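If you want the building blocks of each chain, they are given just below.
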Amino acid sequence: MKHDHTANTDLKERIFQKIEASSQGAVSFAKFMELALYEPQLGYYSQPGRPIGRESGDFYTSVSVGKCFGLLLGYAIEAEWEQAGRPADWLIAEQGAHDGQLALDIIEGLQQRKCPLLESLRYVVIESHEGRRDFLKNRLDRSPMASVVSAPDEIQTGTGIFLCNELVDAFPVHRIRWTNEKWQELFVTRAETASCFALQARDTDNPELLTEASRLNTEDFPEGYTTEINLAMKDWMKSVGDLFENGKGCWWVIDYGHREEEYYSPTRREGTLRCYREHRASDDALVGLGETDITAHVNFSRLADYAAETGLTDAPLQDQHDFLIRAAKPWLLAMEASADTQNAGNKKLLRQFQTLTHPGMMGRAFKVLTLRN
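Residue positions are given per chain, counting from 1 as you read along its sequence in written order. Restriction of local features to residues with pLDDT of at least 70 applies here, the model being predicted, together with a cutoff of 80 or more for giving and counting side-chain atom pairs; totals for whole chains, interfaces and linings are based on all residues. Think of the side-chain values as coming from all heavy atoms in the structure, minus any hydrogens and water.

1. Considering the overall build of the protein chain
Reasoning step 1: Counting its secondary structure elements, the protein chain contains twelve helices and 17 strands.
Reasoning step 2: Note that the radius of gyration is over C-alpha atoms, with the globule rule given as 2.2 Å times the number of residues to the power 0.38. In terms of overall dimensions, the protein chain is globule-like: its C-alpha atoms have a radius of gyration of 21 Å, near the 21 Å expected for 373 residues.
Reasoning step 3: Each principal axis of the C-alpha atoms in the protein chain carries an extent, and together these give about 65 × 45 × 40 Å.
Reasoning step 4: Counting all 373 residues of the protein chain, 55% fall into the buried class.
Reasoning step 5: Partitioning the intrachain contacts of the protein chain with sequence separation of at least 6 by distance along the chain shows that 76% fall at a separation of at least 24.
Reasoning step 6: Entry remark: accessible area of the protein chain is about 17000 Å², with carbon and sulfur atoms responsible for 46%.
Reasoning step 7: In summary, the charge assignment counts Lys and Arg as positive and Asp and Glu as negative, without counting His or the chain termini. Throughout, a charge is located at the NZ atom of Lys, the CZ atom of Arg, the CG atom of Asp or the CD atom of Glu. For the protein chain, the separation between the mean place of its 41 positive charges and that of its 56 negative charges on side chains is 4 Å. The helix count covers DSSP runs of H or I at least four residues long, the strand count covers runs of E at least two residues long, and both are numbered beginning at the N terminus. Partly exposed residues are those whose accessible area sits between 20% and 50% of the maximum for their type, while under 20% is buried and over 50% is exposed, using a 1.4 Å probe and protein chains only. Any two residues whose heavy atoms approach within 4.5 Å at even a single point are treated as in contact. Where accessible areas are quoted, they stem from the Shrake-Rupley method and a 1.4 Å probe; at the residue level, only the protein chains shown are allowed to cover.

Written as structure tokens, this is what we have:
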């Protein structure tokens, strides 16, 4: 699919203006990433209706595999509801819903099997960007139990589940480089000889960034070792960490990432930053602005630390394979009992199930961090 490249030019000029207005003549990579992804009307995620998936999108997600992901999450949500004693008011709060397809798939799966949870269900999507919020309201209008709000504090707290799928990897990250036995921050500036951007490593006076960097064991880091630090996770965790009454909440953070020791392995000398455009990956975030998704893997260990600061406890980090295999048990047993595995619809779902859970496909790459209060 061809995209309109006007937004690219306008966004480029907007970032040049930010750079020129800065006293340093540069912006942090985190600020650059924020503008590239979220600048109103121009950023990659600020364009409602942007397609994803195998055919027309820039990247491939568990949701774009098909309806199986939402179907299985519905089973897992029902199990949590049962374990909580079937409360009469059950909240699902989803953030990073993109086009709303996961919400629709979860609700449709529950409806198809006439799940009793539907009588108790409130499904609230959290979306801060106005254009996408309006898009989601229209998309979810056919599901009366679904609504859209602009922030977590607009939700009436209660009992239930918060979930996000591939949200945290799109938070703006600071990039740092180990140079001459000290950390420097990567900034984005305007190149001297062309109308394009360039990276510069400079000393930083960002105290929070320096504190986070000082935690890392640099003993085996090679000269020029470059990595990311996601400072945005901390405030985000605070914003969603009190959605539920004490002892009545569960949080699922589903994304690709690593535990800290693997994230900051000395062999990962260029970090985890990746860019995706029309299913092609690169590590150059300075081109294709507004048309390119920019992501970094999640440091799940640090995210769990931030969750603990808000009073949440974390279960052992799971691969998506293990999480979905467990969720799928009642679905697979029901198909086996009905001898209906050869039904065309079920065969399609089973192929999707294999894609989602196979260790060589999505099963190991994606992780699920479960938190409770």
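2. Structural notes on helix α2 (residues 29–38)
Reasoning step 1: Most of α2 is tucked away, with eight of its ten residues classed as buried.
Reasoning step 2: What α2 keeps buried is the set Phe29, Ala30, Phe32, Met33, Leu35, Ala36, Leu37 and Tyr38.

3. A word on the pairing of strand β6 (residues 174–179)
Reasoning step 1: For β6, the tally of buried residues reaches five of six residues, placing the bulk of the element in the interior.
Reasoning step 2: Note: two strands are recorded as paired if DSSP finds a minimum of 2 bridges between them. One ladder, built from four bridges, connects β6 with strand β9 (residues 226–229); its direction is antiparallel. Among the inter-strand pairings, Arg175 is bridged to a residue of β9, identified as Glu228.
Reasoning step 3: Bridging between β6 and strand β7 (residues 182–190) involves four bridges; their strand directions are antiparallel. If you follow Ile176 over to β7, its bridge partner there is Glu185.
Reasoning step 4: A loop of two residues connects β6 with β7, the two strands running antiparallel in sequence, and Asn180 in this loop sits at a positive phi of about 50 degrees.

4. Focus on the nonpolar core
Reasoning step 1: The definition of a nonpolar core used throughout is a set of buried Ala, Val, Leu, Ile, Met, Phe, Trp, Tyr and Cys residues joined through side-chain atoms within 4.5 Å. Formed by 48 residues in total, the largest nonpolar core has its most connected members in Ile77, Trp252 and Trp331.
Reasoning step 2: The dominant element in this core, judged by the number of residues it contributes, is helix α4 (residues 68–83), at nine residues.
Reasoning step 3: Sequence-distant contacts of Ile77, that is, excluding residues within four places in its chain, are made with Trp90, Ile92, Ile106, Leu117, Ile161, Leu163 and Trp252.
Reasoning step 4: Ranked by size, the runner-up nonpolar core spans 38 residues in total, among them Ile15, Phe29, Ile229 and Tyr264.

5. Focus: the side chain of Ser46
Reasoning step 1: Relative to the helices and strands, Ser46 resides in the loop between α2 and α3 (62–65).
Reasoning step 2: Ser46 sits in the buried class, given a relative accessible area of 8%.
Reasoning step 3: Distance and chemistry together define a polar contact, namely a pair of N or O atoms within 3.5 Å, with one atom able to donate a hydrogen and the other to accept it when in protein, and with adjacent residues in sequence counting only for side-chain atoms on both sides. A polar contact is formed between the side chain of Ser46 and the backbone oxygen of Tyr38, at a distance of 3.0 Å.
Reasoning step 4: For Ser46, the side chain forms a polar contact with the main-chain oxygen of Glu39, separated by 3.3 Å.
Reasoning step 5: Each residue touching Ser46, except ones within four places of it in the same chain, is listed here: Leu37, Tyr38, Glu39, Pro40, Gln41 and His129.

6. Quick word on unusual backbone geometry
Reasoning step 1: Residues other than glycine seldom take positive phi values, yet Gln41 does so here, at roughly 70 degrees.
Reasoning step 2: Inspection of the secondary structure assignment puts Gln41 in the loop between α2 and α3.
Reasoning step 3: Despite not being glycine, His98 has its phi angle at roughly 55 degrees, a positive value.
Reasoning step 4: Along the chain, His98 falls in the loop between β2 (90–95) and α5 (101–112).
Reasoning step 5: A relative accessible area of 13% places His98 in the buried class.

7. Regarding the packing of aromatic side chains
Reasoning step 1: Ring pairs are drawn from Phe, Tyr and Trp, using the six-membered ring of Trp, whenever the two centres fall within 6.5 Å, and their geometry is named by plane angle: stacked under 30 degrees, edge-to-face over 60, tilted for the rest. Enumeration over the complete set of coordinates arrives at 15 aromatic pairs.
Reasoning step 2: When the centroid spacing of 5.1 Å and the interplanar angle of 80 degrees are considered together, the rings of Trp252 and Phe323 count as edge-to-face. Of this pair, Trp252 sits in strand β10 (residues 244–258) while Phe323 sits in helix α11 (residues 320–338); the two residues are 71 residues apart in sequence, bridging distant segments of the chain.
Reasoning step 3: Judged by relative accessible area, which is 2%, Trp252 ranks as buried.
Reasoning step 4: By way of ring pairs, the aromatic residues Phe16, Phe29, Phe32 and Phe197 are connected into one cluster.
Reasoning step 5: In this scheme, Lys NZ or Arg CZ marks a charge over a ring once it lies within 6 Å of the ring centre and within 35 degrees of the ring normal. Directly above the ring of Phe16 sits Arg190, whose terminal nitrogen or CZ lies 3.8 Å from the centroid.
Reasoning step 6: Positioned above the aromatic ring of Phe187 is the side chain of Arg202, whose terminal nitrogen or guanidinium carbon lies 5.7 Å from the ring centre.

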